[in-house]
Amino acid sequence: MSDILIVDDERDIRELIADILQDEGFATRLAANADEAIAALNAAEPALMILDIWLKDSRMDGIDILKQVKRDNPSVPVVIISGHGNIEIAVAAIKQGAYDFIEKPFNIDQLMVVINRAMETSRLRRENSDLRRQGNGGVEMIGASAPFRRLRDQLDKVAKSNGRVMLTGEPGTGKELAARYVHAHSPRADAPFVTVPCATIEPERMEEVLFGRETPERGVEKGLLEQAHNGVIYFDEVADMPLGTQPKILRVLTEQQFTRAGGTDKVRVDLRVVSSTNRDLAVEIEAGRFRQELYDRLNVVPVAVPSLAERRDDIPALADHFVAWFAQSQGLTPRDLPEETLAALQAMKWPGNIRQLRNMIERVLILAEDSGPVQPAELEAQTGGSGHGEGLALGPAITALALREAREMFEREYLLTQIERFGGNISRTAQFVGMERSALHRKLKSLGVVGGIRAEDEVSGK
């Protein structure tokens with residue numbers, strides 16, 4: 001499953017696309033009609049399919065082929081190519097399961113962006129499916145959005161080295177998962193991964209927990225540093241480390257040795273250090289709560305973990321993953337997440353980030369009255385009227401307006417939310433909201449929104 005199947009009745013188009021893809025390092029197969037396409041699918045499942053809507057002198061059109069592919073080869077992403085007069089049919093193809101569509105004549109850069117995204121999404125789905133079957137989702141990260149891909153690329157690079165990593169980001173974004181990913185993909189993967197929960201260890205016990213102790217009654221009791229020997233020590237929320245402990249940790253980082261509480265012998269350790277924080281450590285240093293020298297030692301490779309608001313495109317995959325995970329780990333009845341429910345999840349506010357999404361999915365499964373699809377109303381019930389759901393709250397700013405102005409405000413905010421949800425993709429936004437793309441462009445222009453940005457913000461450079 002490593003090549004791309006190109007199905008188009010025009011020989012010039014087939015060969016042009018094949019030449020472009022081969023220049024980019026992809027293997028290709030070509031088909032001119034439905035029979036050749038089905039035969040190619042049966043011979044070997046491709047990594048991706050590029051499919052023309054109209055196929056002359058063929059017993060099946062592109063929509064019919066798409067339906068058969070989604071039935072028999074559901075893991076194969078299908079990119080539809082369509083002439084200018086076929087946009088409505090292409091949008092219908094998206095609803096039938098196509099990944100995306102490209103208009104003829106197509107732009108080569110646009111073609112490659114869509115193909116690379118489709119291939120990446122397909123690969124991630126296969127990997128996540130394999131992990132679920134194995135029952136091991138502990139160190140794998142889920143997503144396909146641009147911020148997620150940047151994060152994973154950074155983690156892949158730092159995993160190969162022995163450099164100290166500082167993970168920053170809001171609570172609940174998955175900083176510990178990122179740390180475990182670094183460990184699992186590093187040369188130390190077979191050695192221990194030990195977490196130091198700096199925020200929950202009592203300050204007076206921190207040094208004993210870290211360094212261990214020696215007493216006549218109990219002998220040697222190893223601390224977390226010693227337990228992590230040859231592996232990774234992860235300082236979770238390092239800003240909460242007591243000020244008095246910080247110079248001792250600094251000394252360990254410098255000398256790679258320490259003395260247990262109550263002991264006299266030096267204990268040598270070989271450690272890789274990963275730390276995380278949701279605070280601005282520059283502010284903590286200025287306030288005298290964190291040592292500049294320790295920060296300099298820990299912050300060799302800074303990596304920012306994006307919030308869920310920056311990764312809205314990943315919410316459907318994350319939600320599906322959590323449903324499967326709770327079904328496997330807790331025996332909860334899995335439930336489908338229909339398109340309208342996923343749309344509601346993407347439109348919600350997530351101050352608690354991935355952790356909050358995970359908790360909501362768990363509650364919805366636990367409190368379910370039946371095994372039917374999860375409805376948007378169930379999500380609203382879980383927010384407890386906190387304003388983080390998809391329910392509409394009419395505040396003074398809107399109730400003071402005339403109906404026409406209020407409607408324009410609602411339309412503007414609704415469309416901006418949908419554009420953000422689909423990562424600025426106007427075609428996907430238009431498909432979801434039920435408008436032709438040209439009509440959506442006109443509506444956005446009339447509302448003062450240009451390219452997904454408010455016109456006044458564009459002028460001011462915000």
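Residues numbered from 1 in each chain as written. Predicted model: local features only at pLDDT ≥ 70, side-chain atom pairs only at ≥ 80, totals over all residues. Heavy atoms only, no water.

The next point concerns the confidence of the model for the protein chain. Across the protein chain, the average pLDDT comes to 84, with 86% of residues at or above 70. Counting contacts from residues 128–137, a segment whose pLDDT is below 50, to residues more than four positions away or on other chains yields 12 contacts. Here residues 452–462 is a poorly scored stretch, pLDDT under 50, and it has 15 contacts once near neighbours within four places are set aside; other chains count. (pLDDT = per-residue confidence, 0-100. Contact = heavy atoms within 4.5 Å.)

Nonpolar side chains in soluble globular proteins tend to be buried together. Within the largest apolar cluster, 31 residues are counted, with the highest numbers of intra-cluster contacts made by Val196, Leu225, Ile233, Phe235 and Ile249. Listed by contribution, the elements that provide at least two residues to this core are β7 (193–197), α8 (206–211), α9 (224–227), β10 (232–236), α10 (246–255), α11 (281–286) and α12 (292–298). Apart from residues no more than four positions distant in its own chain, Phe235 is found in contact with Val196, Cys198, Leu210, Leu225, Met241, Ile249, Val273, Val274, Ser275 and Ser276. Core analysis: the next-biggest nonpolar cluster, separate from the first, contains 24 residues, Ile38, Val78, Ala98 and Phe101 among them. (Core = buried A, V, L, I, M, F, W, Y, C linked by side-chain atoms within 4.5 Å. Buried < 20%, exposed > 50% of the residue type's maximum accessible area, 1.4 Å probe, protein only. Helix = DSSP H or I, 4+ residues; strand = E, 2+ residues; numbered from the N terminus.)

Take the pairing of strand β5 (residues 100–103) next. Burial along β5 is two-sided: Asp100 and Ile102 facing one way and Phe101 and Glu103 facing the other are all buried. Here strand β4 (residues 78–82) runs beside β5; their pairing, made up of four bridges, is parallel. What sits directly across from Ile80, in β5, is Phe101. (Pairing = 2+ DSSP bridges.)

Strand order in this open sheet of five strands is β7-β10-β13-β6-β14, and the pairing throughout is parallel. Two strands in the sheet have a free side with no partner beyond their single neighbour: β7 and β14 (301–304). When strand polarity is set aside, the average angle formed by the axes of neighbouring strands in this sheet is 20°. Where β10 meets strand β13 (residues 272–277), four bridges bridge the pair, whose relative direction is parallel. (Axes fitted to C-alpha atoms, helices over the stretch in contact; angles between N-to-C directions.)

This next bit is on the packing of aromatic side chains. Summed over all chains, the structure comprises three aromatic pairs. Seen in terms of ring centroids, Phe410 and Tyr414 are 5.8 Å apart; in terms of plane orientation they differ by 20°. Their pairing is stacked. Separated by four residues within a single helix, Phe410 and Tyr414 lie in helix α18 (residues 403–421), roughly one turn from each other. Look at Phe410 and you get partly exposed, because its relative accessible area is 41%. According to the relative accessible area criterion, Tyr414 is partly exposed, its value standing at 31%. (Phe/Tyr/Trp six-rings, centres within 6.5 Å; stacked < 30°, edge-to-face > 60°.)

The next point concerns the environment of Leu357. Considering the arrangement of structural elements, one finds Leu357 in helix α15 (residues 353–366). Owing to a relative accessible area of 0%, Leu357 belongs among the buried residues under this scheme. Other than its neighbours up to four places away in sequence, Leu357 contacts Leu308, Ile315, Leu318, Ala319, Phe322, Leu345 and Trp350.

A few words now on the pattern of salt bridges. As enumerated under the stated definition, the model contains 23 salt bridges in all. One salt bridge connects Arg11 with Glu15, and the closest N-O pair in it is separated by 2.9 Å. Placement of both Arg11 and Glu15 in helix α1 (residues 11–23) is noted, with a separation of four residues, approximately one turn of the helix. Among the ionic pairs, Asp270 bridges to Arg188, the shortest N-O distance being 2.9 Å. (Salt bridge = Lys/Arg side-chain N within 4 Å of Asp/Glu carboxyl O.)

This part covers helix α3 (residues 62–72). Among all positions in α3, only Gly62, Ile63, Ile65, Leu66 and Val69 are buried. For α3, the arc enclosing every buried residue in end-on projection is 160°, short of the 170-degree limit, so these residues lie on one face. Where α3 begins, the side chain of Asp61 points an oxygen toward the backbone nitrogen of Ile63, at a separation of 3.1 Å. (Arc of directions from axis to C-beta. Polar contact = N/O pair within 3.5 Å; in protein donor to acceptor, adjacent residues only side chain to side chain.)

At a minimum axis separation of 9 Å, helix α19 (residues 426–433) and helix α20 (residues 437–446) run at an interaxial angle of 95°. Taken together, the axis directions place α19 and α20 in an arrangement best described as roughly perpendicular. Only Arg437, Leu440, His441 and Leu444 of α20 make contact with α19, whose side of the interface consists of Ile426, Ser427, Thr429 and Ala430. For the contact of α19 with α20, a count of residues per class yields four nonpolar, three polar and one charged. (Parallel < 35°, antiparallel > 145°, perpendicular 65-115°, else oblique. Nonpolar A, V, L, I, M, F, W, Y, C, P; charged D, E, K, R; others polar.)

The element β10 is extensively covered by neighbouring structure, given that four of its five residues are classed as buried. Relative to β10, β7 runs parallel, the two being bridged by five bridges. Each bridged residue has a counterpart across the sheet, and for Val196 the counterpart in β10 is Phe235.

This part covers the packing of helix α6 (residues 146–159) against helix α7 (residues 175–184). At a minimum axis distance of 8 Å, the contact between α6 and α7 shows a crossing angle of 40°. Compared by their axis directions, α6 and α7 come out oblique. Where α6 crosses over α7, the two elements pack in a sense that is right-handed. On α7, the residues touching Arg152, Leu155, Asp156, Val158 and Ala159 of α6 are Ala178, Tyr181 and Val182. (Left-handed = near helix turned anticlockwise from the far one by under 90°.)

This next bit is on the sheet that holds β5. Taken together, five strands build an open sheet; the order of strands is β2-β1-β3-β4-β5 and the sheet is parallel. Of all the strands in the sheet, the pair left with one neighbour each is β2 (27–31) and β5. Here the strands of the sheet are splayed against their neighbours by 20° on average, with no regard to which way each runs. In terms of strand pairing, strand β1 (residues 3–7) meets strand β3 (residues 48–52) through four bridges, oriented parallel. Within β3, the residue paired with Leu5 across the bridge is Met49. Of the strands in this sheet, β1, β2, β3 and β4 are in contact with α1, which crosses β2 at around 170°.

So, on to the side chain of Thr245. Relative to the helices and strands, Thr245 resides in the loop between β10 and α10. A relative accessible area of 2% means that Thr245 is categorised as buried. With near-sequence residues (within four places) excluded, Thr245 lies in contact with Met206, Glu207 and Leu210.

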